[in-house]
Amino acid sequence: MTAISLGIPSVPTRLAERRKSRQIQVGTVAVGGDAPVSVQSMTTTRTSDIGATLQQIAELTASGCQIVRVACPTQDDADALSTIARKSQIPVIADIHFQPKYVFAAIEAGCAAVRVNPGNIKQFDDKVKEIARAAKDHGTPIRIGVNAGSLDARLLKKYGKATPEALAESALWEASLFEEHGFQDIKISVKHNDPVVMVEAYRQLAAQCDYPLHLGVTEAGPAFQGTIKSAVAFGALLSQGIGDTIRVSLSAPPVEEVKVGNQILESLNLKPRRLEIVSCPSCGRAQVDVYKLAEEVTAGLEGMEVPLRVAVMGCVVNGPGEAREADLGVASGNGKGQIFVKGEVIKTVPESKIVETLIEEAMKIAEQMEADGIASGEPSVSVAG
Ligand code: SF4
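So, a few notes on the structure that sits alongside this text. (Residues numbered from 1 in each chain as written. Predicted model: local features only at pLDDT ≥ 70, side-chain atom pairs only at ≥ 80, totals over all residues. Heavy atoms only, no water.)

### What to know about the packing of helix α6 (residues 164-180) against helix α7 (residues 195-208)
Threshold: Lines fitted to the C-alpha atoms define the axes, with helices restricted to the stretch that makes contact. Angles between their N-to-C directions range from 0 to 180 degrees. The secondary structure listing takes helices from DSSP runs of H or I that are at least 4 residues long and strands from runs of E that are at least 2 residues long, numbered from the N terminus. Roughly parallel means an angle under 35 degrees; roughly antiparallel, over 145; roughly perpendicular, 65 to 115; everything else is oblique. Crossings are assigned a handedness: left-handed for a near helix turned anticlockwise from the far helix by less than a right angle, right-handed for a clockwise turn. By definition, residues are in contact when any of their heavy atoms lie within 4.5 Å. In this classification, Asp, Glu, Lys and Arg are treated as charged, Ala, Val, Leu, Ile, Met, Phe, Trp, Tyr, Cys and Pro as nonpolar, and every other residue, Gly included, as polar.
At a minimum axis distance of 8 Å, the contact between α6 and α7 shows a crossing angle of 40°. As summarised for this structure, α6 and α7 are arranged oblique, according to the angle between their axes. Of the two possible hands of crossing, α6 and α7 adopt the one that is right-handed. Here Pro164, Glu165, Leu167, Ala168, Ala171 and Leu172 of α6 come into contact with α7, specifically with Val197, Glu200, Ala201, Gln204, Leu205 and Gln208. Looking at the contact of α6 with α7, its residues break down into eight nonpolar, two polar and two charged.

### Quick word on the pattern of salt bridges
We count it as follows: Whenever Lys or Arg places a side-chain nitrogen within 4 Å of a carboxyl oxygen from Asp or Glu, that contact is recorded as a salt bridge. Each residue is placed in one exposure class: buried if its accessible area under a 1.4 Å probe, protein chains only, is under 20% of its type's maximum, exposed if it is over 50%, and partly exposed if it falls in between.
The full count for this structure, using the stated rule, is 15 salt bridges. A salt bridge links Lys158 to Glu169, with the shortest nitrogen-to-oxygen separation between them at 2.9 Å. Residue Lys158 is found in helix α5 (residues 153-159), and its partner Glu169 is found in helix α6; the two are separated by 11 residues along the sequence. The exposed category is assigned to Lys158, whose relative accessible area is 52%. The partner of Glu296 in a salt bridge is Lys292, with the nearest N and O atoms 3.7 Å apart.

### Concerning a nonpolar patch on the surface
Cut-off, in case you're wondering: Grouping into patches uses exposed residues only, defined as over 30% relative accessible area, and leaves out salt-bridged ones; the cut-off is 9 Å for like charges and 5 Å for nonpolar side chains (Val, Leu, Ile, Met, Phe, Trp, Tyr). Here the accessible surface of atoms and residues is derived via Shrake-Rupley with a 1.4 Å probe, and residues count as covered only by protein chains that are part of the display.
A cluster of nonpolar side chains, namely Phe224, Ile228 and Val232, defines an oily patch on the protein surface of about 340 Å² accessible area. Judged by its relative accessible area of 68%, Phe224 is exposed.

### So, helix α12 (residues 354-371)
Here is the rule: Expected helix span is given by 1.5 Å per residue-to-residue step, counting one fewer step than there are residues.
Along its 18 residues, α12 runs 26 Å from first to last C-alpha, staying within 8% of the 26 Å computed at 1.5 Å per residue. Looking only at α12, the buried set comprises Ile354, Val355, Thr357, Leu358, Ile359, Glu361, Ala362, Ile365, Ala366 and Met369. Immediately downstream of α12, the backbone of Gly373 shows phi near 75°, a positive value.

### What about the side chain of Gln204?
By secondary structure assignment, the location of Gln204 is in helix α7. Of the residues examined, Gln204 reaches a relative accessible area of 15% and is grouped as buried. With near-sequence residues (within four places) excluded, Gln204 lies in contact with Pro164, Glu165 and Ala168.

### Section: the pairing of strand β14 (residues 336-341)
Test applied: Two strands make a pair as long as DSSP finds a minimum of two bridges between them.
Pairing of strand β13 (residues 328-333) with β14 involves two bridges; the strand directions are antiparallel. Following the sheet pairing, Gly333 is matched in β14 by Lys336. Hairpin connection from β13 to β14: two residues lie between these consecutive antiparallel strands, with Asn334 at a positive phi of about 55°. Looking at chain direction, β14 and strand β15 (residues 344-350) are connected through six bridges and run antiparallel. Within β15, the position partnered with Lys336 by the bridge is Pro350. Joining the antiparallel neighbours β14 and β15 is a turn of two residues, in which Lys342 adopts a positive phi near 50°.

### Some thoughts on the nonpolar core
Using the following cut-off: We define a nonpolar core as any set of buried Ala, Val, Leu, Ile, Met, Phe, Trp, Tyr and Cys residues linked to one another through side-chain atoms lying within 4.5 Å.
Core analysis: the biggest nonpolar cluster contains 78 residues, and Phe178, Ile188 and Phe234 have the highest contact counts within it. Counting residues per element, this core draws most heavily on α6, at eight residues. Leave out the neighbours within four places in its chain, and Phe178 touches Phe124, Val128, Ile131, Ala132, Ile142, Ile144, Phe183 and Ile186. Counting 25 residues, the second-largest nonpolar core is a separate cluster that includes Leu293, Val330, Val349 and Ala362.

### Quick look at the state of the cysteines
The criterion, for reference: Two cysteine sulfur atoms form a disulfide, by the criterion used here, when they sit within 2.5 Å.
Counted under the stated rule, the structure contains zero disulfides. As a non-bridged cysteine, Cys65 has Cys111 as the owner of its nearest cysteine sulfur, 15 Å distant. Relative accessible area serves as the criterion here: at 4%, Cys65 is assigned to the buried category.

Structure follows, in structure tokens:
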């Protein structure tokens, strides 16, 4: 039987098809091709302090980080790599600047990939043949990580500054040197601290190669500014299908980077959604303290993995509508909260009982979702006013 269109427009779940990139394997995580966009971060500990580094990696893993990078500025750090790579639950990438000898050490140590910055590794181009051979022998992908702040002197001279063209050309030049030695196990980043330049650099790069791209706004700043810059830049690129793995750089604990990265991907439906709180901004009509309510519900449901959407609304204008759309919700008025589950009012409770009732109901729904095998997908908790 042919389906009859009733003229109801469908709601898009994704903004764009992913750019077709080649796929590489970073340890257990595939990057590029049809692999989901992954979230990375970087440790802030001294890598030579193996215990502290593994502890931070464990925290990052628990917060949803899929790939971790560690700095390797000294021989002590290089010596620590094999233990860290072996004991980490997620793939470890060694981040190498200046000293080519550490590139070889990281490959030998069994790191899942090595990031090189061709702009500041001395005579990097002369070393490409040896690096390509070592990386090929060990099956280690290389990330060519171009940074505006350490752009190759030749390109700086040619373009005058780190323009999008200069960043893309630098990365593609280095990739071509690897290609000459039959090595294409590569991903690329072209980071800049200005989201506009960064977005344009990645667009140009995406049009000129099929390597998987690691997105990053470098030196994005403290948490608030860095979050906005990264969300805007990644959103612009990911909404066009560009980007295979992301790292949010914040002057804040790395776990915060991972939370922001995951939230960006969830917002664009590039990652299954988990708990989502839909809460109104509150206004002069609010009859409850929406901020407090939303915060308490969020805190009470923290860590919930199922795609629950909870609506917390301050009054009856949009409250019942939003609360009905959510898996669970409250619409407040007259010191009371109407509790909705799947669109039905199940009870009305005094304001003082709203939070505990929502949490109780959320737990029941989550249990049912788990029993039904719904691990992730469309979240449904909202707070309306
Ligand atoms: S739901 Fe009510 S309280 Fe919240 S912003 Fe809208 S009108 Fe204001």
